[in-house]
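Here is what each chain is made of, one letter per residue.
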Amino acid sequence: MRERSSLEAVRDSFMPLVSLLQGEVTTTAASARRSPRNLGEFTRWYLEVVQQLEAQVAEEFERPSMARDAVELMCRSALSASDLAEAIAICSRFMALLHPRAGLLTLVVKGETASLQLDSLRPRTTTASSLVDITGLFAFRQLLQWLSGRELPLAQVRIGPIQRDDVLPFLKLFRAPILAGGEHYSLDFHADALHWPCVRGRAEFDSFFDCFPCAVFGLRAHDLRAQVSALMVAALERGEGIPTQDRLASILEIPLSTLRRRLRDAGAGYRELREQCLSEVAIRLLQRGDLSITQVAARLGFSDAGAFRRAFHQWYGCSPRAWLAARE
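Everything numeric in this text was worked out from a predicted model, so none of it was measured.

Novice: Could you clarify how one ought to interpret the pattern of salt bridges in this entry?
Specialist: Opposite charge on two side chains lets them pair, provided their charged atoms get close. Counted under the stated rule, the structure contains eight salt bridges. The shortest N-O distance in the salt bridge between Asp133 and Arg122 comes to 2.9 Å. In this pair, Asp133 is assigned in helix H6 (residues 127–148) and Arg122 in the loop between strand S2 (113–119) and H6, connecting sequence segments eleven residues apart. On the accessibility criterion, Asp133 (6% relative accessible area) is buried.

See the structure below:
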């Protein structure tokens, strides 16, 4: 029942767009025409059709398409960013290196509005190439949402020069006002979001990219416990130490009292999550093998290696060195 409900929700939001994609894809492959029967099939189907359409447009304009391997490398590179502004800058530089295979990605900030603009650099626009660019915008939004672990509210989306009588598919896709017939393809959002920290780790990437950008169709704000844990782990992996409760409340834009209450309601306190994240990141750093125990202790914010050893023994019942030896 839950799977069926999820599929129905996705269909309600995206089937109008699916119909547009099917109308533009010229392939006779049965996979592009079939109706997906469950949520897993839907995400795979969408990814396959979008890739077919991109290859079709690339052939029409006699230029190489943006291979999925290149998209994966770009997204992996964005993982190194500390916040969304840096993630966008990394993606922009990556796309510039692939010119003309990739387009031009530009961030324009005016006052409180940030505009992420995508230019495919094609000599002309067709209805098919327009759909490719629009789905590209959608993919960038999904990447930014995944990196930050929260939904990115949009003030407006510009979907390029093609005049469209029915913008409903795009209203449902972006859940934001749509402007068709203009010069740009862009996502407009509040500039404060550029400072949102990137909270994802390398271990999470494969499951995210497996069906990117389809697997995050239903993304909404994650529960607070997951958000707090993600922020803690990201800070530790960057060597910044565990954020204080005040800092977490500021990042999540909620009052400190609300943070404490909602964590308590979720059955998790700040200290519990702090210890959990410290223990998890300690294992990751030890497994890497490029840091000494003293360096791991410093990276996690312990006063000295002795304090780290005592904490590690409480977590795992042995010393860090014994834990490593048991895995050799």
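Novice: Please explain the layout of surface pockets as it appears in this structure.
Specialist: Remark: the empty space left among the atoms is shown by a probe the size of a water molecule rolled over them. Taken as a whole, the largest pocket encloses approximately 690 Å³ of empty space. Lining the largest pocket are 33 residues; nearest its centre among them are Glu54, Met66, Val71, Val132 and Gly136. Elements supplying a minimum of two residues to the lining of the largest pocket: helix H3 (39–60), helix H4 (68–78) and H6. Split into classes, the residues belonging to the lining of the largest pocket amount to 21 nonpolar, six polar and six charged.

Novice: Sorry if this is basic, but what is going on with the packing of helix H12 (residues 270–288) against helix H14 (residues 305–316) here?
Specialist: How two helices sit against one another is set out by the angle between their axes and by the gap between those axes. Packing of H12 against H14 brings their axes to within 11 Å, and their N-to-C directions diverge by 105 degrees. On the basis of the axis angle, H12 is roughly perpendicular to H14. Contact with H12, carried on its side by Glu275, Leu278, Ser279, Glu280, Ala282, Ile283 and Leu286, involves Phe308, Phe312, Trp315 and Tyr316 of H14 and no other residues of that element. Along the lines of polarity and charge, the residues of the contact of H12 with H14 split into eight nonpolar, one polar and two charged.

Novice: Could you clarify how one ought to interpret the packing of aromatic side chains in this entry?
Specialist: Two descriptors summarise a pair of aromatic rings, namely the distance from one centre to the other and the angle between the planes of the rings. Enumeration over the complete set of coordinates arrives at 14 aromatic pairs. Consider the rings of Phe205 and Phe209, whose centres lie 5.5 Å apart with planes at 10 degrees: the pair is stacked. Taken together, the positions of Phe205 and Phe209, both in helix H8 (residues 205–209) and four residues apart, correspond to about one turn of that helix. The pair Phe205 / Phe209 is uniform in exposure class, with both members buried.

Novice: Just to check I follow, could you spell out empty space enclosed by the protein for this structure?
Specialist: Counted according to the given criterion, the structure contains two cavities of 30 Å³ or more. In this structure, the second largest cavity encloses a volume near 40 Å³. Residue lining of the second largest cavity: Ser148, Gly149, Arg150, Val199, Gln227, Ala230, Leu231 and Leu252, and that is the complete set. It is helix H9 (residues 224–237) that contributes the most residues to the lining of the second largest cavity, three residues altogether.

Novice: Sorry, what's going on with the confidence of the model for the protein here?
Specialist: Low-pLDDT portions of the prediction should not be read for the details of their coordinates. Chain-level pLDDT for the protein is 81 on average; 85% of the residues reach the 70-or-more range. The secondary structure element of the protein with the lowest average pLDDT is helix H2 (residues 30–33), at 51, and the one with the highest is helix H5 (residues 84–97), at 95. Below pLDDT 50 for its whole length, residues 1–6 participates in four contacts with residues either more than four positions away or in separate chains.

Novice: Just checking my understanding: could you explain the side chain of Ser129 for this structure?
Specialist: Mapped onto the elements of the fold, Ser129 is located in helix H6. Assessed through its relative accessible area of 1%, Ser129 is described here as buried. Among the polar contacts made by the side chain of Ser129, one reaches the main-chain amide nitrogen of Thr126 at a distance of 2.8 Å. Those residues in contact with Ser129, other than ones at most four positions away along the chain, are Val57, Phe61, Arg122 and Arg124.

Novice: For this particular structure, what's the right way to read the state of the cysteines?
Specialist: Here, the word disulfide means a covalent bond between the sulfur atoms of two cysteines. Under the defined criterion, the tally for this structure stands at zero disulfides. Cysteine Cys91 remains unbridged, with the sulfur of Cys75 as its closest cysteine sulfur at 6.4 Å.

Novice: Hey, could you run me through the packing of H9 against helix H11 (residues 256–265) in this one?
Specialist: For the pair H9 and H11, interaxial distance at closest approach is 9 Å and the crossing angle is 110 degrees. As far as their axial angle goes, H11 and H9 are roughly perpendicular. The residues of H11 that touch H9, namely those facing Leu224, Arg225 and Val228, are Leu259, Arg262 and Leu263. Residues that form the contact of H9 with H11 fall into these classes: four nonpolar, no polar and two charged.

The rules behind each value
- Note that residues are indexed from 1 along each chain, following the sequence as it is written.
- The model is predicted, so local features are restricted to residues of pLDDT at least 70 and side-chain atom pairs to those at 80 or more, both for listing and for counting; the totals for chains, interfaces and linings are taken over all residues.
- With hydrogens and water excluded, all non-hydrogen atoms of the structure serve as input to the side-chain values.
- Just to be clear on terms, a salt bridge is a Lys or Arg side-chain nitrogen sitting within 4 Å of an Asp or Glu carboxyl oxygen.
- The helix count covers DSSP runs of H or I at least four residues long, the strand count covers runs of E at least two residues long, and both are numbered beginning at the N terminus.
- When accessible area is computed with a 1.4 Å probe and restricted to protein chains, residues below 20% of their type maximum are described as buried, those above 50% as exposed, and intermediate ones as partly exposed.
- Of the two site types, the cavity is a set of points on a 1 Å grid over the protein atoms alone where a 1.4 Å probe fits but cannot get out, and the pocket is an open set with protein on both sides within 12 Å along at least five of seven lines, each lined by residues with an atom within 4 Å of a point.
- Grid points are joined across faces, edges and corners, and a volume is the space filled by probe spheres set on the points.
- Ten residue types, Ala, Val, Leu, Ile, Met, Phe, Trp, Tyr, Cys and Pro, are classed as nonpolar, four, Asp, Glu, Lys and Arg, as charged, and the remainder, Gly among them, as polar.
- Fitted lines through C-alpha atoms give the axes, limited to the stretch in contact for helices. The angle between two N-to-C directions lies from 0 to 180 degrees.
- Any angle from 65 to 115 degrees is called roughly perpendicular, while one under 35 is roughly parallel, one over 145 is roughly antiparallel, and all others are oblique.
- Any two residues having at least one pair of non-hydrogen atoms within 4.5 Å are treated as being in contact.
- Note on aromatic pairs: the rings of Phe, Tyr and Trp (six-membered ring only in Trp) are paired at centre separations within 6.5 Å, and the planes decide the class, stacked below 30 degrees, edge-to-face beyond 60, tilted for the rest.
- The predictor rates its confidence in each residue with pLDDT, a number between 0 and 100.
- The term polar contact refers here to a pair of N or O atoms within 3.5 Å; inside protein, the definition further demands a hydrogen-donor-capable atom paired with an acceptor-capable atom, and it admits residues adjacent in sequence only when both atoms are side-chain atoms.
- Throughout, disulfides are identified as pairs of cysteine sulfur atoms within 2.5 Å of each other.

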